[in-house]
Amino acid sequence: MYRTALRNVLAHKGRLLMTALAIMLGTAFVAGTMVFSDTLGQAMKNSYSKSYSDVSVLVSDRAAGALVVRADQRGEQGAATLTDATVRELGALPGVQQARGVVSGFTGVADKKGNLIGQAWSAQGANFVPGASGQDSRYPLVEGRGPKSGTEIALDRTTAEDNGFKVGDTVRIAGNGPAVNATLTGVFTTDDPTVTSGGTLVLMDTATAQQTLLTPGRYSSVVLTAKPGADESALLTAVRGKLPADTKFALETGRQLTDEQTRDIAASTSAMKTMLLVFAAISLFVGIFIIANTFSMLIAQRIKELALLRAVGAARGQVTGSVLVEALLIGATASVAGLVAGVGIGAGMQALITTLSPGMPTGSLVIAPATVITALSVGVLVTVLSAVLPAVRASRIPPVAAMSSGDQPTTQKGLIVRNTIGSLITAGGLALILAGARAGKAGGRSMIEGGAPLTMIGIFVLLPLLSRPVIALVGPLLARLAGTPGKLARRNAVRNPRRTAATAAALTIGLTLVSAMTVLGASVNDAVDRSVTGTMKADYDVAMATRGDLSPELAKAIAKAPGVAASSPVTNAFWTFNGEPWSVNGFDADTFDQLVAPGMQSGSADSLKQGKVLIDTEVAKSAGASVGSTLTVAYDDDRSGTVTVGGVFRKTDMLAPVLIADSGIRAHLEQPYVTEILVKGKDGATAALKQSVKDATGSNPVIEVKSKQDMRDESSRAIAFALNMMYGLLGMSVVVAVLGVVNTLAMSVFERKREIGMLRAIGLDRRGIKQMVRLESVVISLFGAVIGVLLGCFLAWASNRTLAGDLPGLVTVIPYGKMLLFLALAGLVGMFAAIWPARRAAKLDILTSIKTD
């Protein structure tokens with residue numbers, strides 16, 4: 001029987017090619033993902049390990065570690081800080097070779113057009129600490145010298161070269177204060193992973209760095225380098241004994257820092273690997289339908305052969321084993337090929353990430369034993385498990401079937417059982433989804449996550465039942481457009497519902513996910529767009545790229561800028577109303593109605609001018625308040641009082657739950673946080689107004705001036721990026737689905753050779769045969785696509801119901817144009833998949849085909 005299995009694989013290798021390709025692509029995706037993530041993780045570990053190569057003990061001032069340090073809150077009175085005295089004291093400890101005071105914080109660099117270089121989170125500033133030679137060992141200079149005064153800086157080489165800066169140029173920089181011009185005196189190299197990954201680093205002399213980033217005489221941290229042979233743990237204990245017991249300094253050894261960084265890298269690469277493996281699993285899941293369909297068709301074509309084996313004494317178990325051995329051979333061969341292709345995919349992904357992010361660490365490919373074992377095991381297991389049901393069916397073929405011809409019909413009992421099971425599974429899944437949509441929030445999302453797979457599985461089971469009525473709808477259209485080939489295509493598509501369903505299911509999976517994510521993206525985009533346009537009447541929003549607070553003087557400068565008709569700083573507080581804490585926004589009451597349009601449900605926005613507050617619907621519901629109600633308030637300055645509700649507005653992410661006149665916040669906070677400034681122009685949102693506002697900020701590269709359209713575009717870009725990434729990752733499953741359609745049609749043509757020969761004999765020409773096969777392919781593809789789009793839209797609607805509480809104004813928006821595009825692309829996929837089978841069918845010899853058994 002095993003020799004028979006091997007002979008069958010060799011005899012049908014052409015028909016098994018598409019199945020092997022499907023397995024190979026799935027395992028290649030798995031192997032490529034693991035090779036890429038392991039390689040990237042190892043490269044990051046090797047690169048980042050240099051970050052602490054000179055660190056034996058790190059003493060960090062937590063209070064100085066924030067990205068933004070306010071000028072009025074730079075160190076608590078009397079609190080212990082890291083100073084020059086601390087550096088000298090720690091440097092004198094036994095076993096310390098060097099003690100270095102480090103100043104670090106946010107510092108942005110402007111390009112020659114005045115825009116911030118890179119991302120705000122990766123823009124750093126630090127102090128240059130020269131030794132006796134004038135060099136800083138951490139930042140080797142490749143050109144010029146280090147900064148010596150407050151008007152000088154040094155830049156990392158990548159930033160300088162990419163932006164055309166040379167020694168002697170004037171460079172504009174900004175921290176959390178005003179932007180300043182500085183002379184570039186030197187260019188240096190660094191192994192700082194933030195910089196090598198595309199960030200910027202500005203070096204200043206220590207006094208300037210302290211003044212700009214912290215306070216004079218204060219350090220962010222102290223780095224201790226131990227003498228050779230000194231124990232880090234012992235040094236850590238000695239350092240702890242020197243520091244005041246009640247301080248909030250963080251102490252860590254170099255080994256602890258390295259281990260922590262290794263764990264962080266492992267967690268980040270693991271998350272990426274998991275995401276990629278999910279899409280690899282989708283491709284393999286799609287491949288299951290192709291494998292099962294292929295073996296079902298092969299068994300149908302070999303009924304006489306299998307029945308004859310049963311007639312000459314083969315047991316049912318031997319027939320089952322024979323089919324499974326065939327699957328094992330195909331799976332093993334395809335998995336080995338997939339592993340080899342996966343190594344290539346991993347190398348390609350590494351090259352792509354290096355091209356997109358030139359600073360990303362790279363290294364030699366890592367092919368771990370786990371990658372080899374996983375790829376081969378997954379490929380073989382998926383193939384063998386997919387062939388189990390066809391193998392069992394093969395063992396049930398009676399010996400008497402050797403004297404008959406054609407496929408064995410499906411029993412009525414089998415159809416009833418299948419449809420009953422499918423209906424129950426689908427009903428259970430739909431019930432979970434609807435319950436989740438009704439429950440909303442996190443609990444509802446959990447129910448939808450459980451109901452969605454159940455519903456998809458149930459629908460896959462019911463696809464044979466659905467195929468006849470759905471495909472019948474296009475029958476008249478096919479007959480009208482294509483005549484006889486169209487009629488034949490429709491009948492062929494529903495001749496074997498199981499086969500049609502298995503072929504269409506592969507496309508259904510991909511289209512369900514794509515359409516669901518597309519509808520979700522369109523819905524979120526619409527909610528953000530309506531929130532911005534419906535709430536913001538201002539022409540421009542001024543804010544820090546770091547999302548930190550703005551200088552109070554900046555609001556006054558912008559108000560006086562040419563072209564500005566009205567402006568207001570948006571101040572922030574966090575107060576307790578009727579015992580519950582809520583965020584508060586303060587606005588200039590005189591200009592509020594020109595800048596903001598809250599969706600009022602009751603009351604009036606003008607009540608801010610009367611000293612009243614506006615609350616959103618969530619606060620009103622929680623406090624049981626309405627217009628005219630009085631709320632008890634606990635302020636930040638430990639005082640309390642009452643406020644009157646002047647209006648209730650619809651909840652929106654653009655505004656805090658409580659709005660009040662700016663003067664009300666300043667009565668309890670001497671210098672409140674100003675997170676943004678709203679600006680209204682005399683002539684609307686013009687380029688001249690934007691430049692005027694930018695000039696008022698001192699051309700600060702860290703301050704962004706955004707219009708409503710800019711804010712909408714920013715949100716759209718983020719959503720579009722996520723969708724495009726998902727489309728790309730699902731591309732592999734679409735390729736596998738195409739292989740499935742090609743495979744089904746090719747094998748269908750083989751088993752219908754006699755029928756095709758008869759059609760040719762009675763007058764249907766080669767063109768008609770091609771048209772028939774192509775239309776059959778298109779009908780099957782569109783059937784799977786329609787089911788997928790409908791299911792995807794339903795899942796998106798349910799998901800939106802659970803997100804509505806977190807994103808006010810969220811409603812389901814179906815982009816009909818994109819849905820029609822997906823259906824059109826599915827039709828094109830069907831046309832493409834039918835090219836080879838159609839040509840093969842048209843080239844069949846009439847007499848040879850008619851003589852086929």
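Here, the structure is the one placed above.
No experiment lies behind these values; they were computed from the predicted model shown.

**Student:** Can you explain the sheet that holds strand β12 (residues 249–253)? Please cite residues and give values.
**Tutor:** A sheet is described by the order of its strands in space; here four strands give the open sequence β2-β11-β1-β12, paired in antiparallel fashion. Of all the strands in the sheet, just β2 (96–102) and β12 have a single pairing partner and so form its edges. Strand-to-strand twist of the sheet, defined as the mean angle between neighbouring strand axes without regard to direction, takes the value 15 degrees. Of the strand pairs in this sheet, strand β1 (residues 57–61) and strand β11 (residues 221–226) are connected by four bridges, and their pairing is antiparallel.

**Student:** An account of the packing of helix α25 (residues 766–803) against helix α26 (residues 816–833) is requested, with residue identities and associated values reported.
**Tutor:** How two helices sit against one another is set out by the angle between their axes and by the gap between those axes. With their axes 8 Å apart at the nearest point, α25 and α26 run at an angle of 150 degrees to one another. By the angle between their directions, the pair α25 and α26 is classed as roughly antiparallel. Between α25 and α26 lies a crossing whose hand is right-handed. Facing α25, whose interface residues are Arg-774, Ser-777, Val-778, Ser-781, Leu-782, Ala-785, Val-786, Val-789 and Cys-793, α26 presents Met-819, Leu-823, Ala-826, Gly-827, Gly-830, Met-831 and Ala-833.

**Student:** Describe unusual backbone geometry, with residues and values.
**Tutor:** The bulk of non-glycine residues show a negative phi, and the bulk of peptide bonds are trans. Phi angles above zero are rare outside glycine, and Asp-638 is one such case at about 70 degrees. Position of Asp-638 relative to the elements: it lies in the loop between β18 (630–634) and β19 (640–649). Of note in this structure, Ser-699 is not a glycine but carries a positive phi near 50 degrees. Tracing the backbone shows Ser-699 in the loop between α22 (687–696) and β22 (703–707).

**Student:** Quick one: what's the story with the environment of Ser-364, residue by residue and with numbers?
**Tutor:** Along the chain, Ser-364 falls in the loop between α10 (316–356) and α11 (369–386). Its relative accessible area of 61% is what places Ser-364 among the exposed residues.

**Student:** Please give an account of the packing of aromatic side chains that cites residues and values.
**Tutor:** One pass over the full model with this rule turns up six aromatic pairs. Their ring planes at 45 degrees and their centres at 6.2 Å tell us that Phe-285 and Phe-460 sit as a pair that is tilted. Placement of Phe-285 in helix α8 (residues 254–301) and of Phe-460 in helix α14 (residues 441–472) is noted, with a sequence separation of 175 residues between them. Both rings, one in Phe-587 and one in Phe-592, keep their centres 5.2 Å apart while their planes meet at 65 degrees; by these two values the pair is edge-to-face. The class of Phe-587 is buried, set by a relative accessible area of 2%. Under the relative-accessibility criterion, Phe-592 is labelled buried at 2%.

**Student:** Lay out a nonpolar patch on the surface with the relevant residues and their values.
**Tutor:** A cluster of nonpolar side chains, namely Leu-473, Val-474, Leu-477 and Leu-481, defines an oily patch on the protein surface of about 410 Å² accessible area. Within the secondary structure layout, Val-474 lies in the loop between α14 and α15 (475–482).

**Student:** Before we move on, could you go through the nonpolar core and cite the residues and values that matter?
**Tutor:** Formed by 81 residues in total, the largest nonpolar core has its most connected members in Phe-279, Phe-460, Leu-463, Ile-509, Ile-769 and Val-773. Among the elements that take part in this core, α25 stands out by supplying 15 residues, more than any other.

**Student:** Break down the pattern of salt bridges for me, with residues and values.
**Tutor:** This structure, assessed with the given rule, holds 13 salt bridges. One salt bridge in this structure joins Glu-152 and Arg-145, with 2.8 Å as the shortest N-O distance. For Glu-152, a relative accessible area of 14% corresponds to the buried category. Overall, Arg-145 belongs to the partly exposed group, its relative accessible area being 34%. Here Arg-639 ties to Asp-637 by a salt bridge, and the two come within 2.8 Å at their closest N and O atoms. Connected via shared salt-bridge partners are Glu-704, Lys-706 and Glu-714.

What counts, and where the lines are drawn
Residues numbered from 1 in each chain as written. Predicted model: local features only at pLDDT ≥ 70, side-chain atom pairs only at ≥ 80, totals over all residues. Heavy atoms only, no water. Pairing = 2+ DSSP bridges. Helix = DSSP H or I, 4+ residues; strand = E, 2+ residues; numbered from the N terminus. Axes fitted to C-alpha atoms, helices over the stretch in contact; angles between N-to-C directions. Parallel < 35°, antiparallel > 145°, perpendicular 65-115°, else oblique. Left-handed = near helix turned anticlockwise from the far one by under 90°. Contact = heavy atoms within 4.5 Å. Buried < 20%, exposed > 50% of the residue type's maximum accessible area, 1.4 Å probe, protein only. Phe/Tyr/Trp six-rings, centres within 6.5 Å; stacked < 30°, edge-to-face > 60°. Patch = residues over 30% accessible without salt bridge, like charges linked within 9 Å, V, L, I, M, F, W, Y side chains within 5 Å. Areas by Shrake-Rupley, 256 points an atom, 1.4 Å probe, with all protein chains shown as cover. Salt bridge = Lys/Arg side-chain N within 4 Å of Asp/Glu carboxyl O. Core = buried A, V, L, I, M, F, W, Y, C linked by side-chain atoms within 4.5 Å.

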